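Structural characterization, general
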Amino acid sequence: MNKVPTSVLVGLLILAAAGLLTGLYSGLVRLGLLSSGNPPISPIAHGPLMINGFLGTLIGLERAAALEKKWAYVAPVFLAASTILLLTGFPIPSHGALILGSAGLTLVMAYLYYLQPKIYHLIMALGAFSLLVGNVLFVASSPIYSIVGWWAAFPMLTIFGERLELNRIMRPPKRAQHIFTLLIIGWIAALTITHIDRTIGWSIASLLLMGIAGWLIKYDIARKTIKSIEWTKYSAICLLTGYGWLILAGIFGLWYGFPTAGPIYDGLLHMLFVGFVFSMIFAHASVIIPSLSGKLVPWHTYFYLPLMLLHGFLFVRIAGDMIGLSKVRIIGSYGNVAAILLFLGGIIYQLTKEILSQKSETITTEKQP
Amino acid sequence: MDSTPIDRRTIVRQLRNVIDPELGVNIVDLGLVYNILIVDGKVILEYTVTTPGCPMRRYLQQEIEKTLASIDEIEDYEAKIVWEPEWSVDMIKDDVEFFAHPPPQQRA
């Protein structure tokens, strides 16, 4: 048997959550939290912790659990280790773990493509490869602004591939699938062009991003499932609003380009990472959690609260960026952190309640003669 | 080969309660259940998932095992994942309604 105990999965899931929480904390430090003190986590750790510590560990774990091969855990284990090493003050070994983890994830995704050579697996594998490219450049001390596109490509391509895979049930025309693939390959090519000419590369990337979002709005099952109920409806809302943020990011990128720092840079990145990526995380939580824990998360309308806060405060943040008021941007950022924590808290509460009620049911049944 | 009175229809009926949370459809109508073999009283269920990278694999395995264990007539069982033939959307039952119902625990 190749089965990995659920406790190991939950342990790695907790480490991914640690990556998220410390990543959020370092983001707030970056915005001025404890500015007069000596924060325990460096503000420059925000990106690596969110991308590798959280997303890398989570996505690597999800894939490893799906494959049920022990060697596939090399990715989440090394990416989680990189978080621990970074937080405990060992940046060099942390960098080594980052490279091993992202190379491992690329290998896992390539293995999936080998098992089933379909275009959606290729897109996901390109996503993992983007993470590896970003991490190699990061470890080689390239400036963050030049590599952040590769880091963004990792969750984005993973999600694009997953949506294409799920959308098979909608039986989209072959031509539409080819167009989607071309848009994505073009988008990766545009990311490469940004290293030669940032303005031209990002303008092409922005146009293609809008094309990808338009395709998803037209063909994704979300337009159908929005008429459903509970988690299904909720996921559809998250997906569609996430695609909306991609279109806004495309317009924003075309209009303002992709500066190397400053409020426009901040706005653009958070449209992608908060507006799109976190919407997708909210959308897929009801599937990710059971895949790792074996427990469904009972639905509650409460989950609309963090979703509204996520989008509402992101608008506040972007407004702060646009009008150049850092206080407004900080309010928006705190609101976004609160939204993510409230979502995470809601999931933990509902899961705990479910587990306790199942346990009490078992005890009652056992006590009955 | 069969040596027990276990009715395959009973097993199929029970397996219709195993819902793929990602699609909101039971695994039988999704065409994921390939075979139900009964060998010397042991039920061997051969099933697949929509892709080798399907995150639902682990969850579905647990739910299938729970379902088989809950059937009184079954004493011994094995839920075995297989990859041949490769699953395709053509295996989904005609006119199936996706997301017609959320996963069972949420209906309670």
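Residues numbered from 1 in each chain as written. Chains lettered and ligands numbered in written order. Predicted model: local features only at pLDDT ≥ 70, side-chain atom pairs only at ≥ 80, totals over all residues. Heavy atoms only, no water.

**Section: the sheet that holds strand 3 (residues 33–39) of chain B**
Residue and element names in this part refer to chain B. In spatial order, the strands read 3-4-5; together these three strands make up an open sheet with mixed pairing. Edge positions in the sheet fall to strand 3 and strand 5 (76–81), since each of these pairs with one other strand and no more. On average, each strand axis in the sheet is inclined to that of its neighbour by 15°, with strand direction left out of account. In this fold helix 1 (residues 8–15) packs onto strand 3 and strand 4 (42–47), with an angle of close to 140° to the strand it touches most, strand 3. Contacting strand 4 and strand 5, helix 2 (residues 57–70) crosses the sheet at an angle of about 160° to strand 5. (Pairing = 2+ DSSP bridges. Helix = DSSP H or I, 4+ residues; strand = E, 2+ residues; numbered from the N terminus. Axes fitted to C-alpha atoms, helices over the stretch in contact; angles between N-to-C directions. Contact = heavy atoms within 4.5 Å.)

**Some points on the interface of chain A and chain B**
The partner chain B presents 27 residues to the 37 residues of chain A that form the contact. A combined buried area of about 2,900 Å² lies between chain A and chain B, and 56% of that area is made up of carbon and sulfur atoms. Summed over the shared surface of chain A and chain B, the result is two salt bridges. Summed over the shared surface of chain A and chain B, the number is 10 residue pairs in polar contact (both at pLDDT 80 or more). Taken together, the elements giving at least two residues each to the side of chain A that touches chain B come down to helix 1 (6–30), helix 2 (46–67), helix 4 (91–115), helix 6 (144–166), helix 10 (230–256), helix 11 (263–293) and helix 13 (326–367) of chain A. Residues of the side of chain A that touches chain B, tallied by class, amount to 18 nonpolar, nine polar and 10 charged. (Buried area = accessible area lost by both parts, 1.4 Å probe. Salt bridge = Lys/Arg side-chain N within 4 Å of Asp/Glu carboxyl O. Polar contact = N/O pair within 3.5 Å; in protein donor to acceptor, adjacent residues only side chain to side chain. Nonpolar A, V, L, I, M, F, W, Y, C, P; charged D, E, K, R; others polar.)

**Section: the confidence of the model for chain B**
Residues and elements named next belong to chain B. When pLDDT is averaged along chain B, the result is 85; 87% of the residues meet or exceed 70. Mean pLDDT across the elements of chain B ranges from a minimum in helix 3 (residues 104–107), with 44, to a maximum in strand 4, with 94. Taken as a whole, residues 103–108 scores under 50 in pLDDT and shows 15 contacts with residues more than four places along the chain or in a different chain. Per the prediction output, this complex has pTM 0.91; the corresponding ipTM is 0.82. (pLDDT = per-residue confidence, 0-100.)

**Topic: helix 3 (residues 74–87) of chain A**
All names here are of chain A. Taking 1.5 Å per residue, 14 residues should reach 20 Å; helix 3 reaches 20 Å between its end C-alpha atoms and fits that length. Where helix 3 is concerned, the buried positions are A75, P76, L79, A80, S82 and T83. With its buried residues spanning 145° around the axis, helix 3 presents them on a single face. Where the residues of helix 3 are buried, they touch helix 1, helix 2 and helix 4. Where helix 3 terminates, the next one or two residues include G89, which has phi positive at roughly 90°. (Expected span 1.5 Å × (residues − 1). Buried < 20%, exposed > 50% of the residue type's maximum accessible area, 1.4 Å probe, protein only. Arc of directions from axis to C-beta.)

**What about the pairing of strand 5 of chain B?**
Residue and element names in this part refer to chain B. One ladder, built from six bridges, connects strand 4 with strand 5; its direction is parallel. Looking at the pairing, Y47 lines up with I81 of strand 5. In this fold, the crossover linking strand 4 to strand 5 by way of helix 2 has right-handed handedness. (Right-handed = clockwise from strand over helix to strand, strands pointing away.)

**Regarding the UniProt feature "domain: MIP18 family-like" (unreviewed entry) in chain B**
When the UniProt feature table is mapped onto this chain numbering, "domain: MIP18 family-like" (unreviewed entry) sits at residues 9–80 of chain B. Measuring from the first to the last C-alpha atom of residues 9–80 of chain B gives 19 Å, for a span that is 29% helix and 31% strand. (UniProt positions renumbered as here; feature names shortened; annotations may be inferred.)

**Looking at helix 1 of chain A**
Residue and element names in this part refer to chain A. Look at helix 1: 36 Å from first C-alpha to last across 25 residues, which is about the 36 Å you get at 1.5 Å a residue. Considered for burial, the residues of helix 1 that qualify are L9, L12, A16, G19, L20, T22, G23, L24, S26, G27, L28 and V29. One or two steps after helix 1, the chain reaches G32, where phi turns positive at roughly 120°.

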